[in-house]
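Listed below are the residues making up each chain.
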Amino acid sequence: MRYAETGFNLEVDLTRGNIERVPTDPRLTELHLGGLGTNARLFWDRVPPEVQPFSPDNLLVFGTGILVGTPAPGTNRTIVSCISPQTRLFGFSMMGGFWGPELKHAGYDKVIIRGKSPELVYLWIKDDKVELRDASHLRGLGTLESAEVIRQELDEPHAAVASIGLAGENRVFFASIEQGRSSASRLGLGAVMGDKKLKAIAVRGSGDINIARPAEYMEICNEALRYIVHREKNPIEGVMPILRGLGSPQEMAIHDEKWHTENFAWGNARVRRKGFWTKEISEQWTNTMETMRTRLLSCHNCPMKCGAAISVDTRLCSYMMKCFSKLTYTMGAFSDLEFGLRIAQKATEHGVDAFSAPQTMAFALELLEAGILTEQDMPGMPLDNEGRFYWLLDRIVRREGIGDILADGTYWAARAIGKGAEEYAHNNIKKTEQLPLKLGMLNPMYYLMYSTGEKVNITQIEGNFPQAPFPTREEREEFVKDWVHVPDDRFKKWFVDWELRGKNSIPHYPPIDATCEIVNWQEKLHYIDDCTGMCAGLSSFPYKPPFHIHNLPRLISAGTGLDLDEDSLTHLTRRNRDLVRANNLRRGMTRKDEEPPADHWKRRFPELETRLKDEYYKFKGWNNDGVPTRESLLELDLEFVAKDFMERGILRDGQDPPADSEASKASSEGSES
Amino acid sequence: MTRAKKKVIKIININADKCNGCRACEIICSSFHATPRYSSTNPARSRIRVIRDPLADIYIPVYAGEYTAAECAGRDKYTIGGKEYDECAFCRASCPSRDVFKEPDSGLPLKCDMCESDPSLDEPMCVQWCLADALTYEEREEEAPEERIVGELDAGLEALANKHGWQQLMDAMSRMSK
Ligand code: SF4
Ligand code: SF4
Ligand code: SF4
């Protein structure tokens, strides 16, 4: 018997309309666990670098984490992967909610979609019964609207539906896949789904998920629940309100937005508004939230309630919102919270990423102001900011007029527009819009996280280590007292010694070796979560979470029957992390792509930054170009990657290519000097 | 004749307003009742089901009650506070008209047993796992009238009384019950 996982994938060839239930190789579970790990392996094995995002050979994989659907709180993540139209790299985005557990109960770990359907279809999975159904009547419908129609016509009120809207159908590069309470939003996965003419996947299952060592597993789960109760009663002092508790940042529950509104940048990630958060604004926004928020909502098997039902006009729930999407439209348009919650309803139905969409619209308005775009490019656009945002959203999701260019996101749109527009696409990493943060002093840990994170999103690599030091040593000592989560005591010392000013402050503190360890620790936790399907909100993201490096190996082992300890889980995670990177290196990612936006910090330190990257690459077992060395690939049982890299000249003769990437480019073209 | 007696009433209070839709109750109920205990999870086997209709803001935990061989003659449809509930929404029966509260493979009816187990639990599992406090547990002692004994026993006693007379029979019973 297979434990925790089902041992089957669903292979769907849309070109031929063929559906197959395929047993998976248990050896791949041992090597990569599940979720992101096995997704990355599929892409390595089946999607060579020549495959373009909108090629029928691009795969779209919905991969549940290995613990999804088990009783462990928060195990509900599906990792959706494809070659991203935005980055042209291996893209992946996680969705919570209820879809993943339904798929597991239906008897599958992954749905692997290939090819392109001739007509718009949706996939209906009910246990052993799987079929492609006509979706022509859903064309143009919103994501939630479609889900409702599907549930009704199947007479399955509890089916979980992941669906695209107009944006996905029209291949908007930042189209999302929406799933009611949750979404896979980043990197344009929805565009690839639309390109494949797959409107939705509906799923309902009634099968068992088995646990290898039940008593032990439940002991850890119950312990975690008790800890969650304790942690909710004892919020962390001295940090901003949204970071005090567990879960994703508690944007739906908390009204105090001083930190975001005054520290994040408004418009096209430009304007810091010190003093914005007045008593009047605070009252107005609190009132908006209290009026429009109907209920706080959790994902499958999680008590954290990070989401909320939002009521626009008469419906009790017009859509469901979570996290920072609360403020992205508001701040992008220099408007208020009510506008933000209202336009987000439309945006969610159309299915767009709530980071990239408002930023792209703000970017367009900046170009208009700068005269790079003109009134002629925007015929009929209203004069007020709010009206303009609605107008632009509509043009983008329909790919009409200027919307057709903007639909490719700021990076590609700027290149298409030219005339200096590139300067305005200033907030990207790896061609993708980032959180609108513009700060003063370089933070070495964040420098590395922004640069080397391959999820291209800071929240998917940062986590357990506080974002800033607490003002006094006493507070820091207090914090580390019950900090059992750290790999070892050095981490506590690094934090205790970290000062706001002076010798032990950023950018030269933490020391480079400590910085590498801290960044690596935080990233490792995220990669574990992405394989288990545990929500980052109970593990890799918040301070002092219920799950951490000391209990996760026990949890995974008791659930799956694999025998993992901290060392072997760390080793496995390194393997997965390097395999994700290998996919991207093979697609042309280089050291040069690993940079935060130039204006992210006012004060930059090029020499220090180079050293940080050099040392971190070394720490990771990568050469100076960021390529895993042959040695470390062999150590990780990735000799097939090493072989491929040798053939492609990404690695040569087991030797590191020259540090200078221009030289290495030249040498890979055969002009060795 | 009836006589007052104490009896423990087990009550699960359901506050649907506090439900966040997480299904933890379904998950833990199905795990708890798996054999061996906790060896598998499957909400389809749970004795509590959360009726969810997110876009109507409907979240109602419903417990499995009695099995019924035949479905109701008619149907109820409730509207409460502007929310329209589906037919049969609040019904606890394992009924031929629908597939809830039945084992998915055998179709055998499921019924909440208040997590009866040895040793007994402080609180049912679904309550323990509902951190939102949508489900809370309480025990209440109630003066419960003893049920009037009917059927076989009545008939037997009547036969004895006819034979020996009521007085003799009562004397014998009070001797024996000391
Ligand atoms: S912590 Fe929040 S986002 Fe994560 S699973 Fe729980 S409810 Fe969902
Ligand atoms: S555990 Fe509680 S909050 Fe969660 S679905 Fe059940 S009743 Fe609702
Ligand atoms: S009381 Fe026990 S048997 Fe009844 S629904 Fe709750 S967990 Fe299941």
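From a predicted model like this one, the values you see are computed outputs, not experimental measurements.

1. As for the overall build of chain B
In terms of helices and strands, chain B carries 4 helices and 7 strands. Traced from its N-terminal end to its C-terminal end, chain B shows the element sequence β-α-β-β-β-β-β-α-β-α-α. Here chain B holds 178 residues, and 39% of them are scored as buried. Looking at chain B alone, contacts between residues at least 24 apart form 60% of all its contacts between residues at least 6 apart. If you sum the accessible surface of chain B, you get close to 11000 Å²; carbon and sulfur atoms cover 51% of it.

2. Description of the sheet that holds strand β5 (residues 90–95) of chain A
All names here are of chain A. The strand order across the open sheet formed by 6 strands is β2-β1-β6-β3-β4-β5, and the pairing between neighbours is mixed. The sheet terminates laterally at β2 (18–23) and β5, the two strands that pair on one side only. In this sheet, adjacent strand axes meet at a mean angle of 15° when their direction is disregarded. Relative to strand β4 (residues 78–83), strand β3 (residues 60–64) is paired through 4 bridges, and the arrangement is antiparallel. Bridge pairing in β4 places Val61 opposite Ser81.

3. Points about the sheet that holds strand β16 (residues 319–322) of chain A
Residues and elements named next belong to chain A. Spatially, β14-β15-β16 is the arrangement adopted by the 3 strands of the open sheet, whose pairing is antiparallel. Strand pairing shows two members of the sheet lacking a second neighbour, β14 (293–297) and β16, which therefore form its edges. Going from strand to strand, the sheet's axes swing by 30° on average, the running direction of each strand aside. Where strand β15 (residues 307–310) lies against β16, 4 bridges are found, and the strand directions are antiparallel. Residue pairing across strands places Gly307 opposite Lys322, the latter belonging to β16.

4. Section: the site of ligand 1
Residue and element names in this part refer to chain A. Near ligand 1, the surroundings consist of Asn76, Arg77, Arg181, Gly247, Ser248, Ser298, Cys299, Cys302, Met304, Lys305, Cys306 and Cys535. Counted by class, the shell around ligand 1 contains 5 nonpolar, 4 polar and 3 charged residues. Counting contributing residues per domain, the shell around ligand 1 is built from domain 1 (8–204) and domain 2 (237–433), each supplying no fewer than three.

5. Observations concerning helix α18 (residues 489–496) of chain A
Considered for burial, the residues of α18(A) that qualify are Phe491(A), Trp494(A), Phe495(A) and Val496(A). Those residues of α18(A) hidden inside the fold are in contact with α17 (473–481) and α19 (512–532) of chain A.

6. Notes on the environment of Ala175(A)
All names here are of chain A. Within the secondary structure, Ala175 sits in the loop between α5 (166–169) and β10 (177–179). Along the primary structure Ala175 and Asp408 are separated by 233 residues, whereas in three dimensions their C-alpha atoms are 9.8 Å apart. Residues contacting Ala175, with those up to four places away along its chain left out, are Ala167, Gly168, Ser185, Gly188, Leu189, Gly190, Ala191, Gly351 and Val352.

7. Some details on the pairing of β4(A)
Within a regular strand, side chains alternate between the sheet's two faces. Residue and element names in this part refer to chain A. Most of β4 is tucked away: 6 of the 6 residues are buried. The two faces of β4 match: Thr78, Val80 and Cys82 on one face and Ile79, Ser81 and Ile83 on the other face are all buried. The sheet contact formed by β4 and β5 spans 6 bridges and is antiparallel. From the neighbouring strand, Ile79 faces β5, where its bridge partner is Met94. In sequence, β4 turns back onto β5 through a hairpin of 6 residues, with Arg88 there showing a positive phi of about 60°.

8. Quick word on the domain arrangement of chain A
Residue and element names in this part refer to chain A. The domain boundaries assigned to chain A delineate domain 1 (8–204), domain 2 (237–433), domain 3 (442–628) and domain 4 (632–664). In this structure, domain 3 and domain 4 have C-alpha centres spaced 24 Å apart. Taken together, the contact pairs 15 residues of domain 3 with 20 residues of domain 4. Around 1500 Å² of area is buried between domain 3 and domain 4 when both sides are counted, 59% of it from carbon and sulfur atoms. Connecting domain 3 to domain 4 are 2 salt bridges. In this structure, the salt-bridge partner of Arg575 is Asp637, at a minimum N-O distance of 2.9 Å. The interface formed by domain 3 and domain 4 contains 5 residue pairs in polar contact (both at pLDDT 80 or more). Its residues placed into classes, the side of domain 3 that touches domain 4 shows 5 nonpolar, 4 polar and 6 charged.

9. What to know about the confidence of the model for chain A
In low-pLDDT regions, the fine details of the predicted coordinates are not to be read closely. Mean pLDDT over chain A: 95, with 97% of residues reaching 70 or higher. Here residues 658–673 of chain A is modelled with pLDDT under 50, and outside its nearest four sequence neighbours on either side it reaches 16 contacts, counting other chains as well.

10. A few points about the packing of aromatic side chains
All names here are of chain A. Inspection of the entire model under this criterion finds 37 aromatic pairs over all chains. Relative to Trp99, the ring of Phe62 lies with its centre 5.2 Å away and its plane at 40°, an arrangement referred to as tilted. A residue pair is termed long-range when its members are at least 10 positions apart, and Phe62 in strand β3 and Trp99 in helix α3 (residues 99–106) qualify at 37 residues. Considered together, Phe62 and Trp99 belong to a single accessibility category, that of buried residues. Against the face of Trp412 rests Arg88, its NZ or CZ located 4.1 Å from the ring centre. Residue placement shows Lys455 over the ring face of Tyr527; its charged tip is 5.7 Å from the ring centre.

11. Regarding the confidence of the model for chain B
Here chain B averages 89 in pLDDT, and 88% of its residues register 70 or above. Across the assembled chains, the prediction reports ipTM 0.94 with pTM 0.93.

12. Some details on the nonpolar core
All names here are of chain A. Counting residues in hydrophobic clusters, the biggest one holds 201 residues, and the most contacted among them are Phe62, Trp99, Val111, Ile125, Ile201, Tyr329 and Leu555. When sequence neighbours within four positions are dropped, the list of residues in contact with Trp99 reads Phe62, Thr78, Val111, Ala160, Val161, Ala162, Gln179, Ile201 and Val203. Among the nonpolar cores identified, the runner-up in size contains 31 residues, and Ala40, Leu59, Tyr527 and Val627 belong to it.

13. Quick word on the pairing of strand β8 (residues 129–134) of chain A
Residue and element names in this part refer to chain A. When strand β7 (residues 121–126) meets β8, the two strands line up antiparallel, connected through 6 bridges. Opposite Val121, over in β8, you have Asp134 as the bridge partner. The antiparallel hairpin formed by β7 and β8 contains 2 residues in its connecting segment, where Asp127 sits at a positive phi of about 50°.

14. Re the packing of helix α9 (residues 279–292) of chain A against helix α11 (residues 337–350) of chain A
Residue and element names in this part refer to chain A. Remark: α9 packs on α11, axes separated minimally by 9 Å, with the N-to-C direction vectors making an angle of 35°. Touching Trp285, Thr288, Met289 and Met292 of α9 are Leu337, Glu338, Leu341 and Arg342, all from α11. Partitioning the contact of α9 with α11 into residue classes produces 5 nonpolar, 1 polar and 2 charged.

15. Let's talk about the pattern of salt bridges
Overall, the coordinates contain 66 salt bridges over all chains when judged by the stated rule. The closest approach of N and O atoms between Asp208(A) and Arg45(B), which form a salt bridge, is 3.0 Å. Here Asp208(A) is found in the loop between β12 (198–204) and β13 (209–210), whereas its partner Arg45(B) is found in the loop between β2 (40–41) and β3 (48–53) on a different chain. By relative accessible area, Arg45(B) is classed as buried at 17%. Between Glu635(A) and Arg574(A) there is a salt bridge whose closest N-O contact spans 3.3 Å. You can see Glu635(A) sitting in helix α23 (residues 630–635) and its partner Arg574(A) sitting in helix α21 (residues 566–586), a full 61 residues away along the chain. What makes Arg574(A) partly exposed here is its relative accessible area of 27%. Here the salt bridges share partners, and the residues they tie into one network are Lys430(A), Glu454(A), Glu523(A), Arg577(A), Arg581(A), Glu594(A) and Lys620(A).

16. Notes on the environment of Glu433(A)
Residues and elements named next belong to chain A. Examined against the element boundaries, Glu433 turns out to sit in strand β18 (residues 432–433). Taking relative accessible area as the criterion, Glu433 reaches 0% and is therefore assigned buried. Expressed as a C-alpha distance, the spacing of Glu433 and Gln86, which sit 347 residues apart in the sequence, is 9.8 Å. With residues near it in sequence (within four places) discarded, Glu433 still touches Gln86, Arg186, Ser356, Gln359, Thr360, Gly409, Thr410, Tyr411, Asn427 and Asn428. Within the structure, Glu433 has its side chain in polar contact with the side chain of Gln86 (distance 2.9 Å).

Reading the values: rules and limits
- Residues numbered from 1 in each chain as written.
- Chains lettered and ligands numbered in written order.
- Predicted model: local features only at pLDDT ≥ 70, side-chain atom pairs only at ≥ 80, totals over all residues.
- Heavy atoms only, no water.
- Helix = DSSP H or I, 4+ residues; strand = E, 2+ residues; numbered from the N terminus.
- Buried < 20%, exposed > 50% of the residue type's maximum accessible area, 1.4 Å probe, protein only.
- Contact = heavy atoms within 4.5 Å.
- Areas by Shrake-Rupley, 256 points an atom, 1.4 Å probe, with all protein chains shown as cover.
- Pairing = 2+ DSSP bridges.
- Axes fitted to C-alpha atoms, helices over the stretch in contact; angles between N-to-C directions.
- Near = heavy atom within 4 Å.
- Nonpolar A, V, L, I, M, F, W, Y, C, P; charged D, E, K, R; others polar.
- Domains from an automatic or database assignment.
- Buried area = accessible area lost by both parts, 1.4 Å probe.
- Salt bridge = Lys/Arg side-chain N within 4 Å of Asp/Glu carboxyl O.
- Polar contact = N/O pair within 3.5 Å; in protein donor to acceptor, adjacent residues only side chain to side chain.
- pLDDT = per-residue confidence, 0-100.
- Phe/Tyr/Trp six-rings, centres within 6.5 Å; stacked < 30°, edge-to-face > 60°.
- Lys NZ or Arg CZ within 6 Å of the ring centre and 35° of its normal.
- Core = buried A, V, L, I, M, F, W, Y, C linked by side-chain atoms within 4.5 Å.

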